[in-house]
Amino acid sequence: MSRHARPARRRLGPLPHLRSVAGQAFILQLLLILILVAAAVAAVAADARAHGTVDARRRSLAVAETFAHAPGMARAMSGDKPTSALESHAEAARKRSGVDSVVVFDTRGIRLTHPEKPLIGKRIVGPAGLVRDELRGKTISQTFRASQGPSVVSAVPVTGADGTFLGGVSVGVKIQSVHSTVNRRLPMLLGSGAGALALATGGAALLNRRVRRQTHGLGAAQMTRMYEHHDAVLHSVREGVLVLTADKRLLLVNDEARELLRLAPDAEGRHIGALGLEPHLAELLTSGRRVTDEVHACGERLLSVNVRSTGRAGTPAGSVVTLRDTTALRVLSDRAVETGERLKLLSEAGVRISSTLELTGIAEKLVDVAVPRFADIVAVELLGPVLRGEEPQPPYEPLTPHRTAVGGAPAEAPLFRVGERVVHAPSTPQSRAVRTGAAVLLQADPTTATGEWSGEEARRLLDHGIHSLITVPLRFRGVTLGLATFWRARHRAPFDETDLAIAGELAVRTAVCVDNARRYAREHSMVTALQRTLLPGALPDQDAARVAARYLPAPGGTGGSWFDVIPLPGARVALVVGKAAGQGLHAAVTMGRLRTAVQNFSARDVPPDELLSHMDELVTRLDLEHDADAHGLRIAGAGCLYAIYDSVSGHCTVARAGDPGLALAHPDGTVDIPAVPVSPPLGLGGEPFEAVDLALPDASRLVLYTNGLLEGHDRTADTGLDLLGRALAADPHLDPDETCRSLFQTVLPPSPSDDVALLVARTRLLDPENVAEWDVPPDPAALAPLRAACAHRLRAWGLEDAVCAAELIISELITNALRYGAPPVHLRLLRGRSLICEVSDGSSTAPHMRRAATTDEGGRGLFLVAQFAQRWGTRYTPHGKVIWAETPLDGR
């Protein structure tokens, strides 16, 4: 037995003992032992880690409560310098208690103390919900990623004697610290587990060796499988098998081979030449040569023959022969080729038709796929509402579709014209197909034109040899979107019922893509219309600069770029370019919200860096409100460049957040890229914004743009910036509108990666003759001479009609400045499209218009100013404030 078992074991592979029954049992035992030991070690470690986390949570909460309720805590947080008063105590408490951080924060979430000094003065971090709970004065104890990494953090509110919420104390213990104790125990646990595993493995190995010796390395499943294979080859395999000995005698034959060769029941043991086979087949089987799929006739059958040697090293070389009946394959081969071509056609059609979302492109793709592989001429017609992005509603008669694409018609004698509206009579196959919702197959005798083939178009088709057609409606979700018609000419076989299925499948795939394109076109037009209403319709007239702007949507849809021109008092103007992240409806709506916010903050007449700070706070607050948004639609990441140009001084102040860019083209043709500090996009910073002041000569061009003007799929921003500089320097005399047109022609990438907002402003300097200034002495008696001097200047300007209103406005503004303001007081008159009166003083107290009671002696001055002025307001400067009033001029 052992003499025959050894070769069998050698044939099992390099690890025969592992494939035997004993080997499988050994592996199973080993796996069970390994799992049990690993589970025990993991359970002990997990339990220790859980207890450590609970202990850390209790310890952090106890330290937070102790420090928050410590005597003098409320007084220190209410003091002028809470950080100085609390920092040393917090650090001492942290070291004594063994926690990793003790952080005190105020009601705004600003850290007053922190082990890492650079983080003092910054906002506390954590999940938005927990941060809101901390700032509402709730006690929390949670595990999350804090400023020092994953930590167990407990926060306790600090309240004043009257219960007022003054801030909180946050105590953190790092998860790494919690697990350090457990990690010190792991070597002992792993050593114990390894010892148990080694002991159990040794026992299992001894048992496996004994079982393998008793079974000789063979399992019951192997023996059963060997018998099943032998039986299947003999009786179940539908391929003939013959095994021949080295002297070409039949050793084994299965039932299929016996039937194919019509062998006698006692054929085993006979020589091949004595089996009565066809001579050429008998000669092949006795030749001993290697054969692959040679076809030989055997009676009325065609057999595919394969011959392989069974010889091994040290054994006689026999052979095994397989036979397969290929008679039916000859009949099916042509059908298989035809079916394969049709499947290939449908597969290619599905890929190509779905590769675009443009209605005309979809129709043209269907034509390209079907001609000439399926039809000689193809026409695709779509209903009118589909082209408008609408869903057609039945009834569809009279049927007047729009011929969208045609292919296959001779160029010298076109049968159809693309773009025309076709009228199909009720008797035509096209009308029948739409009416029934099913494909229509029609064949005709080219020598006659009767019945459904009548008509001028049918006559033209018959003259060109068209003999059959299939017209099939493009339907999706029960709605007819159009129809496709396929024609074949005389040099091809007419359409048959099999072709109906192909045409129907092509129509189904096309209809799905047409409906998707229709929906996309409708949604895109809606978003585009929304964005068009949110962008400025016309740029306002103002004296500071001549401006022009352009907007180019993104190739794949609507983006979030915008521009704006906002007139400011004092012959100034604000120039804005911004970019909201993303594309589509959300980007358009975000752009509208940001543009509205910029306009509102501009009304307060604040410097550019302060305006961007307000915008940053607004975006952060709005994003906190939408933290729970299931769609994750956030505003953070928007960019904005804001510039204020003063036409009196010729100075421009610029600040930016994110990546919108600025270029400056001087009148002499030189081009500069001003070094405007780059701050993080809105909502991502928390850092202060910086502004720069630029001195601009008259007729300079300011070019504000988003990065879509420079970057493309095959171009970097640096390359685009170089092109921008050369384009601006090429012709320094272009006006803003011509500059926009030139930049779009020369700088815009062939394939822009994003939408583009471009704003060009050519600066103007207000003529010094149109500016009048006076210093106002701190004496009410000086009011009359100043009023007379202003009246004289207005008459010199030819503004006789504005003298009365200007004198009243100047009197009221100077009186308010002398009574409520602080020196120095200054008066300035500006003549432009309107007359602007400005009174500045060194106080930051702003006046407020109110309705005076009948018993009040004052309070009516600003009311009168508001009545006589077109508009008025206050703006703050580094040295005080300016109260201004603007009155219209006749003829302006």
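Everything numeric here is computed off the predicted structure, so don't read it as measured data.

Draft legend 1. Looking closely at the overall build of the protein. The number of helices and strands found in the protein is 23 helices and 30 strands. Taking all 892 residues of the protein together, the buried fraction comes to 44%. When the accessible surface of the protein is totalled, it reaches about 44800 Å², and 55% of it is carbon and sulfur.

Draft legend 2. A look at the packing of aromatic side chains. Taken as a whole and assessed by the stated rule, the structure comprises 2 aromatic pairs. A centroid spacing of 5.4 Å and a plane angle of 85° characterise the contact between Phe374 and Phe486, whose relative ring orientation is edge-to-face. Highlighted residues: Phe374 in the loop between helix 12 (359-370) and strand 10 (377-382) and Phe486 in strand 14 (residues 479-489), separated in sequence by 112 residues. Considered together, Phe374 and Phe486 belong to a single accessibility category, that of buried residues. When the ring of Phe374 is compared with that of Phe495, the centres are 5.4 Å apart and the planes differ by 40°; the resulting orientation is tilted.

Draft legend 3. How the structure looks around the packing of helix 19 (residues 717-730) against helix 20 (residues 736-746). One can describe the packing of helix 19 onto helix 20 by two numbers: an axis separation of 10 Å at closest approach and a directional angle of 140°. By the angle between their directions, the pair helix 19 and helix 20 is classed as oblique. For the pair helix 19 and helix 20, the sense of crossing is right-handed. Contacts between helix 19 and helix 20 involve Leu723, Leu724, Ala727 and Leu728 on the former and, on the latter, Thr739, Leu743 and Thr746.

Draft legend 4. Geometry of the sheet that holds strand 12 (residues 440-443). The strand order 11-10-14-13-12 describes an open sheet built from 5 strands, whose pairing is antiparallel. Looking at which strands have only one partner, the edges of the open sheet turn out to be strand 11 (402-407) and strand 12. The sheet shows a mean angle of 15° between the axes of neighbouring strands, taken without regard to direction. Where helix 12 meets the sheet, its contacts fall on strand 10, strand 11 and strand 14, and the angle it forms with strand 11 comes to roughly 35°. Packed on one face of the sheet, helix 14 (residues 429-436) meets strand 12, strand 13 (466-476) and strand 14 and runs near 30° to strand 13.

Draft legend 5. Seen up close, helix 21 (residues 783-796). Helix length check: helix 21 (14 residues) gives 20 Å between terminal C-alpha atoms against 20 Å at 1.5 Å per residue, within 8%. The complete set of buried residues in helix 21 reads Leu783, Leu786, Cys790, Ala791 and Leu794. What you see down the axis of helix 21 is that its buried residues fit within an arc of 135°, all on one side. Across from the buried face of helix 21, at angles greater than 90 degrees, the exposed residues are Pro785, His792 and Ala796. The inward-facing, buried residues of helix 21 abut strand 26 (771-776), helix 22 (803-820), strand 27 (825-831) and strand 28 (834-841).

Draft legend 6. Here's a closer look at unusual backbone geometry. The omega angle of the peptide bond from Val371 to Pro372 is 0°, so this bond is cis rather than trans. Considering the arrangement of structural elements, one finds Pro372 in the loop between helix 12 and strand 10. Backbone torsion omega between Pro823 and Pro824 reads 0°, so that peptide bond is classified as cis. By the element assignment, Pro824 lies in the loop between helix 22 and strand 27. Notably, Arg477 is not glycine yet its phi reads approximately 55°, a positive angle.

Draft legend 7. Structural view of the sheet that holds strand 25 (residues 756-763). In spatial order, the strands read 15-25-24-20-21; together these 5 strands make up an open sheet with antiparallel pairing. Both edges of this open sheet fall to strand 15 (545-552) and strand 21 (671-672), since each of them pairs with a single strand only. In terms of strand pairing, strand 20 (residues 661-665) meets strand 24 (residues 701-705) through 5 bridges, oriented antiparallel. In the sheet register, Ala665 faces strand 24, and the bridge partner there is Arg701. Contacting strand 20, strand 21 and strand 24, helix 19 crosses the sheet at an angle of about 150° to strand 24.

Draft legend 8. Main features of a nonpolar patch on the surface. Together, Ile27, Leu31, Leu34 and Ile35 line one region of the surface with nonpolar side chains, adding up to about 350 Å² of accessible area. For Leu31, the position within the fold is in helix 3 (residues 21-68). Among the residues examined, Leu31 registers a relative accessible area of 45% and is labelled partly exposed.

Draft legend 9. Representation of the confidence of the model for the protein within the structure. With 85% of its residues at a pLDDT of at least 70, the protein reaches an overall mean of 81. Counted against residues more than four places away or in other chains, residues 1-16, with its pLDDT under 50, gives 12 contacts. This model gives residues 853-858 a pLDDT under 50, and the stretch forms 5 contacts once residues within four places in sequence are excluded.

Draft legend 10. Expanded view of the nonpolar core. Within the largest apolar cluster, 55 residues are counted, with the highest numbers of intra-cluster contacts made by Leu575 and Val654. Apart from residues lying up to four places away in sequence, Val654 is in contact with Pro608, Leu641, Tyr642, Ala643, Leu662, Val676, Glu690, Ala691, Val692 and Leu694. Ranked by size, the runner-up nonpolar core spans 41 residues in total, among them Val378, Ala405, Leu506 and Ala517.

Draft legend 11. Examining the packing of helix 16 (residues 497-534) against helix 17 (residues 585-603) more closely. Between helix 16 and helix 17, the least distance of the axes is 9 Å, while the angle of their chain directions is 10°. Here helix 17 runs roughly parallel to helix 16, going by the angle between their axes. In contact with Val527, Leu530, Gln531 and Leu534 of helix 16, helix 17 contributes Leu585, Ala588, Val589, Met591, Gly592 and Arg595. A per-class count over the contact of helix 16 with helix 17 returns 7 nonpolar, 2 polar and 1 charged.

Draft legend 12. Broad picture of the pattern of salt bridges. Scanning the model with the defined rule gives 36 salt bridges in all. The shortest N-O distance in the salt bridge between Asp376 and Arg492 comes to 3.5 Å. Highlighted residues: Asp376 in the loop between helix 12 and strand 10 and Arg492 in the loop between strand 14 and helix 16, separated in sequence by 116 residues. Between Asp754 and Lys579 there is a salt bridge, with its nearest N and O atoms 3.5 Å apart. One end of the pair, Asp754, is in the loop between helix 20 and strand 25; the other, Lys579, is in strand 17 (residues 572-583), and 175 residues separate them in sequence. Among the residues examined, Lys579 registers a relative accessible area of 12% and is labelled buried.

Draft legend 13. Summary view of helix 10 (residues 279-287). Within helix 10, the full set of buried residues consists of Leu281, Ala282, Leu284 and Leu285. The buried residues of helix 10 occupy an angular sector of 160° when the element is viewed end-on, so they sit on one face. Its buried side turned inward, helix 10 meets strand 5 (240-244), helix 9 (255-261), strand 7 (291-298), strand 8 (301-309) and strand 9 (319-325).

Draft legend 14. Representation of the environment of Leu281. Looking at the secondary structure, you find Leu281 in helix 10. Along the backbone, Leu281 and Leu303 are 22 residues apart, and their C-alpha atoms lie at a distance of 9.8 Å. What Leu281 contacts, discounting residues up to four positions off in sequence, is Leu261 and Val305.

Draft legend 15. Broad picture of the environment of Ala663. Structurally, Ala663 is set in strand 20. Relative accessible area serves as the criterion here: at 0%, Ala663 is assigned to the buried category. Measuring from C-alpha to C-alpha, the distance between Ala663 and Ala675 comes to 9.8 Å, with 12 residues separating the pair along the chain. With sequence-adjacent residues up to four places away left out, Ala663 is seen in contact with Asp672, Ile673, Pro674, Arg701, Leu702, Val703, Tyr705, Leu724 and Leu728.

Draft legend 16. Quick look at the pairing of strand 29 (residues 871-877). Across 7 bridges, strand 29 lies against strand 30 (residues 880-888) in antiparallel orientation. Among the inter-strand pairings, Trp872 is bridged to a residue of strand 30, identified as Ala885.

Draft legend 17. Just the side chain of Thr590, in detail. You can see Thr590 is positioned in helix 17. Here Thr590 falls in the buried class, since its relative accessible area comes to 4%.

Draft legend 18. Spatial organisation of the pairing of strand 3 (residues 149-159). Of all 11 residues in strand 3, 9 are buried, a share of seventy percent or more. Bridge count for strand 2 (residues 140-146) against strand 3 is 7 bridges, and the pairing is antiparallel. From the neighbouring strand, Phe144 faces strand 3, where its bridge partner is Ser151. Between strand 2 and strand 3, which follow one another and run antiparallel, lie 2 residues. In this structure, strand 3 lies alongside strand 4 (residues 165-174), joined through 9 bridges in antiparallel fashion. Each bridged residue has a counterpart across the sheet, and for Val158 the counterpart in strand 4 is Gly167. Hairpin connection from strand 3 to strand 4: 5 residues lie between these consecutive antiparallel strands, with Gly163 at a positive phi of about 85°.

Each value, and the rule that gives it
- Chains are numbered independently. Their residues run from 1 in the order of the written sequence.
- Given that the model is predicted, a residue must reach a pLDDT of at least 70 before its local features are reported, and side-chain atom pairs must reach 80 or more before they are shown or counted; all residues, however, enter totals for whole chains, interfaces and linings.
- The basis for every side-chain value is the complete set of heavy atoms in the structure, and neither hydrogens nor water enter the calculation.
- A run of DSSP states H or I qualifies as a helix once it reaches four residues; a run of E qualifies as a strand once it reaches two. Both are numbered from the N-terminal end.
- Buried, partly exposed and exposed residues are distinguished by accessible area as a fraction of the type maximum, computed with a 1.4 Å probe on protein chains only: under 20%, between the cut-offs, and over 50%, respectively.
- A 1.4 Å probe and the Shrake-Rupley method give the accessible areas. Residues count as covered only by the protein chains that appear here.
- Each Phe, Tyr or Trp ring, with Trp reduced to its six-membered ring, pairs with another whose centre is within 6.5 Å; inter-plane angles below 30 degrees give stacked pairs, above 60 give edge-to-face pairs, and intermediate values give tilted ones.
- Each axis is a line fitted through C-alpha atoms, taken for helices only over the stretch in contact, and angles between the N-to-C directions span 0 to 180 degrees.
- When describing relative orientation, an angle under 35 degrees is termed roughly parallel and one over 145 degrees roughly antiparallel, while 65 to 115 degrees is termed roughly perpendicular and anything else oblique.
- In this scheme the crossing of two helices becomes right-handed for a clockwise turn of the near helix relative to the far one and left-handed for an anticlockwise turn of less than a right angle.
- The contact rule is simple, with two residues in contact once any of their heavy atoms fall within 4.5 Å.
- For two strands to pair, DSSP has to find at least two bridges joining them.
- Every helix has an expected span of 1.5 Å times one less than the residues it contains.
- In this description, the arc belongs to the directions extending from the helix axis to the C-beta atoms.
- Note on patches: the residues involved have over 30% relative accessible area and no salt bridge, like charges join within 9 Å, and the nonpolar side chains Val, Leu, Ile, Met, Phe, Trp and Tyr join within 5 Å.
- Whenever a carboxyl oxygen of Asp or Glu lies within 4 Å of a side-chain nitrogen of Lys or Arg, that contact is scored as a salt bridge.
- The score called pLDDT rates the predictor's confidence residue by residue, from a low of 0 to a high of 100.
- Here, nonpolar core refers to any group of buried Ala, Val, Leu, Ile, Met, Phe, Trp, Tyr and Cys residues whose side-chain atoms link them within 4.5 Å.
- Amino acids outside the nonpolar list (Ala, Val, Leu, Ile, Met, Phe, Trp, Tyr, Cys, Pro) and the charged list (Asp, Glu, Lys, Arg) are all regarded as polar, and Gly is one of them.

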